[in-house]
Amino acid sequence: MSSNSRHTAQRTVLTTISKKITKKAILFRGKHIGTGEWVIGSLVHLTGESAVISKIETDDEGNLVPRFAAVDPETVTQFIGLYDANFTPIFEGDILKGINDHAKVWTHIVYYDTECAQYCGYRCHDDLSNIGDPEGLTYFDITEYDKDRKAWYLLDTVVAGNLWDVKEPHPFESSCLIVDTFAEFRKHFNE
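Residues numbered from 1 in each chain as written. Predicted model: local features only at pLDDT ≥ 70, side-chain atom pairs only at ≥ 80, totals over all residues. Heavy atoms only, no water.

On a plain count of helices and strands, the protein chain comes out with two helices and 13 strands. For the protein chain, the residues scored as buried account for 32% of the 191 residues in total. Restricting the contact set of the protein chain to residue pairs at least 6 apart, pairs at least 24 apart contribute 49%. When the accessible surface of the protein chain is totalled, it reaches about 12,400 Å², and 52% of it is carbon and sulfur. (Helix = DSSP H or I, 4+ residues; strand = E, 2+ residues; numbered from the N terminus. Buried < 20%, exposed > 50% of the residue type's maximum accessible area, 1.4 Å probe, protein only. Contact = heavy atoms within 4.5 Å. Areas by Shrake-Rupley, 256 points an atom, 1.4 Å probe, with all protein chains shown as cover.)

What follows concerns the confidence of the model for the protein chain. Averaged over the protein chain, the pLDDT score is 75; the fraction of residues at 70 or greater is 69%. Taken element by element, the predicted model of the protein chain shows its lowest mean pLDDT in helix H2 (residues 182–189) (48) and its highest in strand E1 (residues 28–31) (94). Counted against residues more than four places away or in other chains, residues 169–182, with its pLDDT under 50, gives 36 contacts. (pLDDT = per-residue confidence, 0-100.)

Centre-to-centre distance and the angle between the planes together describe a pair of aromatic rings. Applying the stated rule across the entire model yields four aromatic pairs. With a centroid separation of 6.0 Å and an interplanar angle of 40°, the aromatic rings of Tyr 83 and Phe 87 are classed as tilted. According to the relative accessible area criterion, Tyr 83 is partly exposed, its value standing at 22%. Through successive ring pairs, a cluster of aromatic residues spans Phe 79, Tyr 83, Phe 87 and Phe 91. Seen from the ring of Trp 38, Arg 29 lies directly overhead, with NZ or CZ sitting 4.6 Å from the centre. (Phe/Tyr/Trp six-rings, centres within 6.5 Å; stacked < 30°, edge-to-face > 60°. Lys NZ or Arg CZ within 6 Å of the ring centre and 35° of its normal.)

Scanning the entire structure with this criterion turns up four salt bridges. In this structure, Asp 94 engages Arg 29 in a salt bridge whose closest nitrogen and oxygen atoms are separated by 2.6 Å. Pair noted here: Asp 94 is in strand E7 (residues 94–99) and Arg 29 is in strand E1, with a separation of 65 residues, a long-range link. Across the pair Arg 67 and Glu 57 runs a salt bridge, and its minimum N-O distance is 3.2 Å. Of the two residues, Arg 67 is situated in strand E4 (residues 64–71) and Glu 57 in strand E3 (residues 51–58); the sequence distance between them amounts to ten residues. With a relative accessible area of 39%, Arg 67 lands in the partly exposed category. Taking the relative accessible area as the measure of exposure, Glu 57 reaches 30% and is therefore partly exposed. (Salt bridge = Lys/Arg side-chain N within 4 Å of Asp/Glu carboxyl O.)

Summarising the element assignment, Glu 92 is placed in the loop between strand E6 (89–91) and E7. An unpaired buried charge is present at Glu 92: no salt bridge exists, and Arg 29, the closest side chain of opposite charge, is 8.5 Å distant. Apart from residues no more than four positions distant in its own chain, Glu 92 is found in contact with Arg 29, Thr 77, Gln 78, Ile 80, Val 110, Tyr 112, Tyr 119 and Trp 164. (Lys, Arg positive; Asp, Glu negative; His and termini not counted.)

Now for the nonpolar core. Formed by Ile 80, Leu 82, Ile 90, Leu 96, Trp 106, Val 110, Tyr 119 and Leu 154, the largest nonpolar core amounts to eight residues. Elements supplying a minimum of two residues to this core: strand E5 (77–83) and strand E8 (105–113). Counting residues in each nonpolar core, the second largest holds seven residues, with Ile 53, Ala 69, Val 71 and Val 76 among its members. (Core = buried A, V, L, I, M, F, W, Y, C linked by side-chain atoms within 4.5 Å.)

Shown next as structure tokens:
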């Protein structure tokens, strides 16, 4: 194979691959130091003592303007690239609730497993006890792709809160609520 045909073949392969590469939203969130509100955007700075998240907003004249917010570094977490059944973005530290194949409600806390290099969840009780039980580890593999939104989401799962905003356990015990469908689960959850 000549040098020219090898370069042409390489360019063809690179062009084909580059068309398949998607631009993913790499988002972070953190609690604003002044207001306590959640800020979602790009992580600009993070140390043990400080963190800054920026997001682009449109001003009154239609110009794109960067906004910066100082956030509590202890609350900075990353978007895991998945959405719940309501298309709410899922971040590390979120508390997820859903139903399994046996129609039992479960609760998991999202975290990044460095040993497996992927996001997963630890099963826990509604009062968030029993966190970190290796028997309760789960990986998020029950997903669907929404072509219109161009996003992956978890079936039969909703974000029920996060580790920083939880004040008390949810009013129903996940170990005793049994439902037949996700719609029925959602009805109980939204009460």
